[in-house]
Amino acid sequence: MTSLSTAAAGAIDAFKIYGKDDSEVRALDGVTVTFASEKFTAIMGPSGSGKSTLMHCLAGLDSLTSGSITIGDTNLATLNDKELTLTRRSNVGFIFQAYNLIPTLTALENITLPLDLGGTPVDQQWIDTVVDAVGLRSRLNHRPSELSGGQQQRVAVARALASKPRIIFADEPTGNLDSRMGTEILTFMRHAVTDLGQTIVMVTHDPVAASYADRVIFLADGKIVDELDNPTADHVLDRMKRLGS
Amino acid sequence: MTAPVARLTIRGVIARKWRIFLTILAVVSGVAFVSGAFVLTDSVKKSINDVFATLSEGIDIEVRTSIAFGDEATAERDPVSIDVIDVVTAIDGVRLAEGNLLRAATVIKSDGEPLRTSGPAFGIAWVGPDGLDGRTIVEGRPAAGPGEVTLDKSSARRAGYEVGDTVTIVGPAGKDDFVLVGLNGTGKTTNGGGASIAAFDPVTANEFLGAENMVDSIYIAIDEGADRDAVMAAIDVALPDGLQVITGEQSAEETAGAINDIIDIFGNVLLGFAAVSLFVSAFLIFNTFAIIVSQRLRELALLRAVGASARQIRTMIIGEALVVSVIATLLGILAGMGVAKGIVAIFNAAGAAFPSASLIVSPRTIVASTVVGVGVTVAAAIVPALRAARIPPVAAMRPELGFNSLQKNKRLVVGSITTGIGLVLFSIGVFGQPGGTSGTLGLSALGAILLFLGIASLSTTVAAPASRVISRVLPLPFRPMTRSVPGRLGSRNAQRTPRRTASTASALMIGLALVSTVSVVASSVQASFKEQLQGSVTADFFVSNGPGNFQGLPIAFSERLSELPELSAVSPFRAATAQVNGDTKQIGAVRGSAFGQLVDIDLASGSVESLDDGKILLHRDPARDYAVQVGDTLSILWLNGTEQQIEVGGIYDDATIAGNWLVGLSTLQAVSTATPTDFFIGAKIADGVDIEDARTAVEAVALDFPSAEVQDQAEFQQSQEDQLNQLLIIIYGLLIISIAIAVLGIANTMALSVFERTREFGLLRAVGMSKRDLKRSIRWEAVIVAVFGASLGIIVGIPLGLAVTTALPSTFITTTVVPVNTIIIILIASIIVGVVAAIGPARRAAKLNVLDAISTH
Ligand SMILES: Nc1ncnc2c1ncn2[C@@H]1O[C@H](COP(=O)(O)OP(=O)(O)OP(=O)(O)O)[C@@H](O)[C@H]1O
Ligand SMILES: [Mg+2]
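In this text the structure is predicted, and so the values were computed from the model without any measurement.

In this section: the overall build of chain B. Secondary structure assignment for chain B yields 25 helices and 26 strands. With respect to the principal axes defined by its C-alpha atoms, chain B has extents near 100 × 70 × 50 Å. Out of the 857 residues belonging to chain B, those deemed buried represent 52%. Considering only contacts in chain B between residues 6 or more positions apart, those separated by 24 or more positions represent 81%.

Here it is in structure tokens:
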């Protein structure tokens, strides 16, 4: 039980400041937050509030101006580029809003890419589980250009899961999809957390999407201003109105 | 390279095959010259060596006069007396000894014109049906007495003769008629490798070819079972002084070796082409990869985000370059075989009759081509690969963060330092002289390369403003462009990515810098040469062998001219090799009593007439080097070993025609028995004789010497200048290749950026831009880039040319000329280059479907 409650990732006093003096933008203005393992967390907030920035920093894609980020027990600030790469490869998964796939590789090759890059042996059983869960069995040998937007996103989800990372970050993964496809992806992410024991952090603008999460964090002007456990779409909408966005 | 990186690499190349097509083409052309050079030299050498091996098959031993110094193969030896043949024949173990005699002899065709050959025109002594020299009779019978001749089959056909016809042949002493009794062949061929061969029986040959009972050498076959070394030793003992004995193989090797040296020159010219085209290609490759990397920013960042290390990205990009280079190298080697075959075909069409050779691709060819092709390509891709590896993963979502904005200052510093070092090395190479000419040349070449690289890097800084200026100042016909939308777009696009504009322009810059350098030097040399010729030629007529004829004139010609009452002064110009105080020099021989009236050598001291008293004249430069004055003596060692102390009779300032050393004809004749021929003959009209009458008289004599060409002063000067121009044409040809590759480069960059801007073009078309305007804007952009490159080239090239001109010896350069016409032509040509390079990309852009263009992401 203790292992379940350990933090998969966290930020302490995170500042990310762009520009200097007059033109200074505080994209993150002292954020402290932890993300529990095997939980699905949503990050919400008005446009420009720093959601993407927080996520990029958490994932080791970008660096903080000050403060620290931990993934598992590792403080990212202490890692060099090579070690960061290794961390991303084995401990972090990504799903972006778009442009998730390498156009020259097939769906399956995209899914196993992080494993292949690290020379890690592929756990075939796990890959099968993931592929079946996202329902892509019949499309594995297609190139991204031959897949629909929703299918491409599902490949991205499968890739994020393939290396059984400690934590998966998704930045508006359903932003480009119609509601039916969006629902499909969200259901699957929920499934991945509940049944497959994954940890997911997702940025979204959509209260319905947020309602799939175990917990919602609200960001405004680079600060955490509120949070909500076991949200429903109505609750979320309510809070958002209150935050005046 | 691990499997996934390899997979990404291969897929990357396949996905972008059209984008790297032109790159491959550029590498192919460079490699083709490298492999062509080697294939050509290897193949032709092999076949020529085979021919000589066949020819010498029957010759066990050769006897010839020895030389005191210099190259055994090309030396003009003194002949051997025919009495020696009897001496040799008497020796135990000698089965057969034959005199080998070969002299210039021109066949007159049935239409009365001299037969032109690509090789020399020979008359030889036929040494019998089982002759040792590998020559055979292919039709009829050998010439057996006076008035009979055989010709090689190919010359007979080209001259329009059949067996039984009467043939006129011009020998060293004059012309005569012979009955064609047969056709001869050489080895397995029926032509003489481009030469014409007229064969007489030995007695007739001796007389007609003016050999005076001498032969060039003696071919010897030994009895079966005889010990060759023993026979050679016995011959050596029996021979008079000044003769040497060698094996037939050695003789064949020497002759083949001399021809191989000539073939190597062709090979080296091709390697020069290769060097220039590869250097220019390197820019094209760099550019292509740099553009491809920036186009793939998102993809590369995504790879980084999902866990690819910087090293894996680097490996992938370099791997792509490797794949490209291997493909290009393979194609290049094949193309090189085509180049070699083409050159052989061209020469054969011109009558060279290279023995038909199968192409030889030696391991060396493959290794050299691969090293060069792969090396250049991969080296050029390193910087883009490093840049790709530095792309931060966050760029997968924020492409605008892709490339850390360039450190402009760093680039300026690096560019300036490179340019500076290049300039210094170039100056040392051109003005100083450390370690002889090859070191000097290498140093200036290295300096020039660094200079080009430095300027290329610096030019990024000025690319944007320069593009703006160019788009403003290009002359009137284009003026309306600058105001129109396509004009504005084209010019903005050229300014948008200064780095790309600069490196595209750099490829053109190099080609045109070389062209401007060469044209400054060439026009200065030309102008100086012309000036010197005008100042030094005073003869009214010059007679020389026509162009393309490397044999000299028979000496009988000048003797006949001397007898003409219409002429007051006649002198031949002959050449010999000798050593002066141990250094090998070419020495001219002239008639002292006449030469002073024909050529103004600007005598500083002494007299020209002293030549006839056995004295020597020299130019002031060697006079300074050897610290001699009129009255001092110099020790001259002639080729045949005769050593003389010769008194200096005069020192002169103008070496344009005379060269650095002159002796009298009598001096040369007294020393050497080698068959003399004349380079040219100068003649002055006697007082009171009409120029037309004199010319008629001279041309009447020339009728007996059909290969000779009579020129008056103006014609002579013109022909001398033409010779210089021909040399320059070769150099310009080399540079045109580099410009062709630069055009490829511009086309490539334009094609790539059209691809990149698909969306933008779609938008422009969607809001109503016509196809024509779209094309115009692309063309305009290409023209701006091309003119930018050309201007840089001219700005860099002209000072380099002036530097080289200043560094050349003052005997060579008397005036310095900046060829304004050439520069204007270059600028106009660069506009055309831009337009041509834009044809493909513009057409492509205009073909884009508006909807597709917008939906491409
Ligand atoms: N490279 C940058 N330079 C300067 N400011 C930046 C940069 N990147 C982001 N910002 C600023 O940081 C703030 C946070 O940006 P961020 O992308 O994290 O917002 P977000 O919450 O993801 O917005 P959205 O919902 O629109 O995606 C914004 O004000 C943005 O303008
Ligand atoms: Mg965002």
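Once that is clear, we can look at the environment of Q586 of chain B. Residues and elements named next belong to chain B. Here Q586 is to be found in strand β18 (residues 583–590). Judged by its relative accessible area of 52%, Q586 is exposed. Along the chain, Q586 and D654 lie 68 residues apart, while their C-alpha atoms are 16 Å from each other. If near-sequence neighbours (up to four positions away) are discounted, Q586 is found in contact with A575, A576, T577 and W661.

We now examine the environment of A575 of chain B. Residue and element names in this part refer to chain B. Structurally, the position occupied by A575 is in strand β17 (residues 567–580). Considered as a pair, A575 and W661 are 86 residues apart in the sequence and their alpha carbons are 9.8 Å apart. If we skip the residues at most four places from it in the chain, A575 touches Q586, I587, G588 and F679.

Okay, the nonpolar core next. In terms of nonpolar packing, the biggest core is built from 85 residues, with F452, L508, M509, I746, I778 and V796 of chain B touching the most fellow members. The greatest single-element share of this core, amounting to 17 residues, is contributed by helix α23 (residues 771–807) of chain B. Inspection of this core shows a minimum of three residues originating in each of domain 1 (1–59 + 248–405) and domain 3 (463–536 + 714–857) of chain B. Filtering out sequence-adjacent residues up to four positions away, M509 of chain B remains in contact with F452, I455, A456, G789, L792, G793 and V796 of chain B. Listed in part, the 70 residues of the second largest apolar core include L84 and V92 of chain A together with V31 and A321 of chain B.

Take the interface of chain B and chain A next. Across the boundary between the two partners, chain B contributes 24 residues, which contact 27 residues of chain A. Summed over both partners, the interface of chain B with chain A comes to about 2400 Å²; 62% of that surface belongs to carbon and sulfur atoms. Taken as a group, R11, L302 and V306 of chain B account for 24% of the area that chain B buries against chain A, more than any other trio of residues on that side. On inspection of chain B and its partner chain A, the count reaches 0 salt bridges. One can count 5 residue pairs in polar contact (both at pLDDT 80 or more) joining chain B with chain A. Residue contributions to the side of chain B that touches chain A peak at 6 residues, all from helix α8 (residues 297–305) of chain B. Broken down by class, the residue content of the side of chain B that touches chain A amounts to 13 nonpolar, 4 polar and 7 charged.

Residue and element names in this part refer to chain B. Within strand β13 (residues 217–222), 6 of the 6 residues are buried, leaving the element largely enclosed by the surrounding structure. Here β13 shows a buried face lined by S217, Y219 and A221 and a second buried face lined by I218, I220 and I222. Looking at chain direction, strand β1 (residues 61–65) and β13 are connected through 3 bridges and run antiparallel. Opposite E62, over in β13, you have Y219 as the bridge partner. With 6 bridges joining them, strand β3 (residues 94–100) and β13 adopt antiparallel strand pairing. Counted as the bridge partner of L96 is A221 from β13.

Right, let's get into the domain arrangement of chain B. A common way to state how big an interface is: give the accessible area lost once the parts meet. Residue and element names in this part refer to chain B. Domain boundaries assigned for chain B yield domain 1 (1–59 + 248–405), domain 2 (60–247), domain 3 (463–536 + 714–857) and domain 4 (552–706). For domain 3 versus domain 4, the distance between C-alpha centres works out to 50 Å. Between domain 3 and domain 4, the residue contacts involve 8 residues of the former and 9 residues of the latter. Remark: the boundary between domain 3 and domain 4 carries 1 salt bridge. A salt bridge links E715 to R695; the nearest nitrogen and oxygen atoms lie 3.4 Å apart.

With that settled, consider the sheet that holds strand β7 (residues 167–171) of chain A. The strands making up a sheet associate through backbone hydrogen bonding, with each pair oriented either parallel or antiparallel. All names here are of chain A. On the basis of which strands lie adjacent, the open sheet formed by 6 strands has the order β6-β7-β8-β3-β9-β10 and mixed pairing. In this open sheet, the two edge strands, each paired with only one partner strand, are β6 (92–95) and β10 (223–229). Neighbour-to-neighbour, the strand axes of the sheet open up by a mean angle of 20°, direction not taken into account. Direction of pairing for β6 relative to β7: parallel, over a ladder of 4 bridges. By the bridge assignment, G93 is partnered in β7 with I168. Helix α2 (residues 51–58) contacts β3 (40–44), β7, β8 (200–203) and β9 (215–220) of the sheet and is inclined by roughly 150° relative to β7.

Residues and elements named next belong to chain B. The antiparallel open sheet is built from 4 strands, whose spatial order is β3-β13-β1-β14. If you trace the sheet from one side to the other, it starts and ends with β3 and β14 (243–247), each paired once. Each neighbouring strand pair of the sheet contributes to a mean axis angle of 25°, computed without reference to strand direction. Where helix α7 (residues 248–295) meets the sheet, its contacts fall on β1 and β14, and the angle it forms with β14 comes to roughly 90°.

Let us now look at the pattern of salt bridges. The tally for this structure, following the rule as stated, stands at 28 salt bridges over all chains. In this structure, R239 of chain A and D226 of chain A form a salt bridge, with 3.2 Å as the shortest nitrogen-oxygen distance. Of this pair, R239 of chain A sits in helix α10 (residues 233–243) while D226 of chain A is found in strand β10, placing the two residues 13 residues apart along the sequence. Salt bridges sharing common partners tie together R620, D621, R624, D625 and D653 of chain B.

The next thing to look at is empty space enclosed by the protein. Per the counting criterion, the structure on display carries 4 cavities of 30 Å³ or more. The volume enclosed by the largest cavity comes to roughly 120 Å³. Lining the largest cavity are 15 residues, and of these T497, R500, T749, S753 and E781 of chain B lie nearest its centre. Contributions of two or more residues to the lining of the largest cavity are made by α14 (485–496), α15 (498–536), α21 (713–756) and α23 of chain B. A class-by-class count of the residues in the lining of the largest cavity yields 4 nonpolar, 6 polar and 5 charged. Put simply, the second largest cavity is a space of about 50 Å³. What lines the second largest cavity is simply R88, R89, V92, G93, F94, P114, R159, A160 and S163 of chain A together with V306 of chain B. Put simply, the parts of the chain that give the lining of the second largest cavity at least two residues each are α3 (81–91), β6 and α7 (149–162) of chain A. If one sorts the elements of the lining of the second largest cavity by residue count, β6 of chain A sits on top with 3 residues. Looking at the lining of the second largest cavity residue by residue, the class counts come to 5 nonpolar, 2 polar and 3 charged.

Together, L802, V818, V820, I824, I828, I832, V836 and I839 of chain B make up a nonpolar patch on the protein surface, roughly 660 Å² of accessible area in all. Examining the composition of the nonpolar patch, we find that 6 residues originate from one element, helix α24 (residues 820–847) of chain B, more than from any other.

Strand direction decides the pairing type here: strand β1 (residues 7–18) of chain A and strand β2 (residues 25–36) of chain A, joined by 9 bridges, are antiparallel. Along β2 of chain A, the bridge assignment pairs A9 of chain A with F35 of chain A.

What counts, and where the lines are drawn
Residues numbered from 1 in each chain as written. Chains lettered and ligands numbered in written order. Predicted model: local features only at pLDDT ≥ 70, side-chain atom pairs only at ≥ 80, totals over all residues. Heavy atoms only, no water. Helix = DSSP H or I, 4+ residues; strand = E, 2+ residues; numbered from the N terminus. Buried < 20%, exposed > 50% of the residue type's maximum accessible area, 1.4 Å probe, protein only. Contact = heavy atoms within 4.5 Å. Core = buried A, V, L, I, M, F, W, Y, C linked by side-chain atoms within 4.5 Å. Domains from an automatic or database assignment. Buried area = accessible area lost by both parts, 1.4 Å probe. Salt bridge = Lys/Arg side-chain N within 4 Å of Asp/Glu carboxyl O. Polar contact = N/O pair within 3.5 Å; in protein donor to acceptor, adjacent residues only side chain to side chain. Nonpolar A, V, L, I, M, F, W, Y, C, P; charged D, E, K, R; others polar. Pairing = 2+ DSSP bridges. Axes fitted to C-alpha atoms, helices over the stretch in contact; angles between N-to-C directions. 1 Å grid on protein atoms, 1.4 Å probe; cavity = no way out; pocket = protein on both sides within 12 Å on 5 of 7 lines; lining within 4 Å. Points joined across faces, edges and corners; volume = space filled by probe spheres on them. Patch = residues over 30% accessible without salt bridge, like charges linked within 9 Å, V, L, I, M, F, W, Y side chains within 5 Å. Areas by Shrake-Rupley, 256 points an atom, 1.4 Å probe, with all protein chains shown as cover.

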